[in-house]
Amino acid sequence: MILSIYLPIFAGLCELIISRIWNGGDGPEVEVFPNVSEEEYDYILNAIGCDDNLVRKPSYNPNLKQLAATLPSPIHEAILVPLHTAMGIVIDSFTIPDNYDISLPIHTARMLDAPATADLPPSDQSYHLGIPNMLLTLQTCNADILPFWPFEISVSQSSEAAIAKLQRFGDQNDNVLAVTHIHIAEAQKHMLPTYEWAVEKGLDKRGVQMRELTCLEDGRFTSLSHTWCHPVTVTISTWIRPPGGRLDLKSRNSRHHATAICVL
């Protein structure tokens, strides 16, 4: 469920969005705020800073000037947990010489910043770019943490905002060498057939759940457990930055882009 919230006072809109990001555990899974400028989005990111305990995660679509504040969902957790584990196993398999004195930590809900040398508006605060769902980083002996590979998960209408966020990461931080977008499209829920619904209501009056019964050819009943499922299509797209070039998420060049589709 998605809720659009209209507020005529821009300052009030920013404060409302910040409040929902910090405390908005109630309401729909995705709240969409229209008429949000890029300057207001930057203000909101600076306000929430590097807080790791956000209730909602913000993402911004500059083309539509919409900000989406999303609650973590079981779908996100179902993907992030095994993804984090798998990436950890891959990284542990790397042989990194001790004299390199580097590590490749994986973070979730970590703010990704623009580097201090970037050509950005002057500010006393760090220039925050957004919070990816998961981020592979390079940590050096000087305690520098460089973002290498952000991952973003989107559901339904939040796909375009997720792509825009990843593009922003690549455009404003040259340390980002790759990005991955995992989009989950859920089909409409199956509905019980009409004739079964009538039978189910009749059986329900007798205290019998239809999901537990099925009729055999000879008229006898046997047990049955049927789950009315939601078919899901998961699309995983990864882009890598060309040597000395721009990370372009519109590119479909097979040298720098790959997509896999899984139907569950």
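Residues numbered from 1 in each chain as written. Predicted model: local features only at pLDDT ≥ 70, side-chain atom pairs only at ≥ 80, totals over all residues. Heavy atoms only, no water.

(A) Representation of the sheet that holds strand β13 (residues 232-240). Across the sheet, which stays open at both edges, the six strands sit in the order β5-β8-β9-β10-β13-β14 with mixed pairing between neighbours. Where the open sheet ends on each side, the last strands, each with one partner, are β5 (106-108) and β14 (257-263). The mean angle between the axes of side-by-side strands here comes to 15°, regardless of whether they run parallel or antiparallel. As judged from the nine bridges shared by strand β10 (residues 178-186) and β13, these two strands associate in the antiparallel manner. Bridge assignment links Val179 to a residue of β13, and that residue is Trp239. The sheet strands contacting helix α3 (residues 74-92) are β5, β8 (134-139), β9 (145-155) and β10, and the helix crosses β9 at an angle near 150°. (Pairing = 2+ DSSP bridges. Helix = DSSP H or I, 4+ residues; strand = E, 2+ residues; numbered from the N terminus. Axes fitted to C-alpha atoms, helices over the stretch in contact; angles between N-to-C directions. Contact = heavy atoms within 4.5 Å.)

(B) How the structure looks around α3. Its 19 residues give α3 an end-to-end C-alpha distance of 27 Å, which sits within 8% of 27 Å, the value for a rise of 1.5 Å per residue. Those residues of α3 hidden inside the fold are in contact with β5, β8, β9 and β10. (Expected span 1.5 Å × (residues − 1).)

(C) Summary view of the pairing of β13. Pairing of β13 with β14 involves seven bridges; the strand directions are antiparallel. Residue Thr233 lies in a different strand from β14, and its bridge partner there is Val263.

(D) Representation of the environment of Val32. Looking at the secondary structure, you find Val32 in strand β2 (residues 30-33). For Val32, a relative accessible area of 11% corresponds to the buried category. (Buried < 20%, exposed > 50% of the residue type's maximum accessible area, 1.4 Å probe, protein only.)

(E) Quick peek at the environment of Leu45. Inspection of the secondary structure puts Leu45 in helix α2 (residues 38-48). The contacts of Leu45, once residues within four sequence positions are left out, are Pro58, Met111, His128, Leu129, Gly130 and Arg168.

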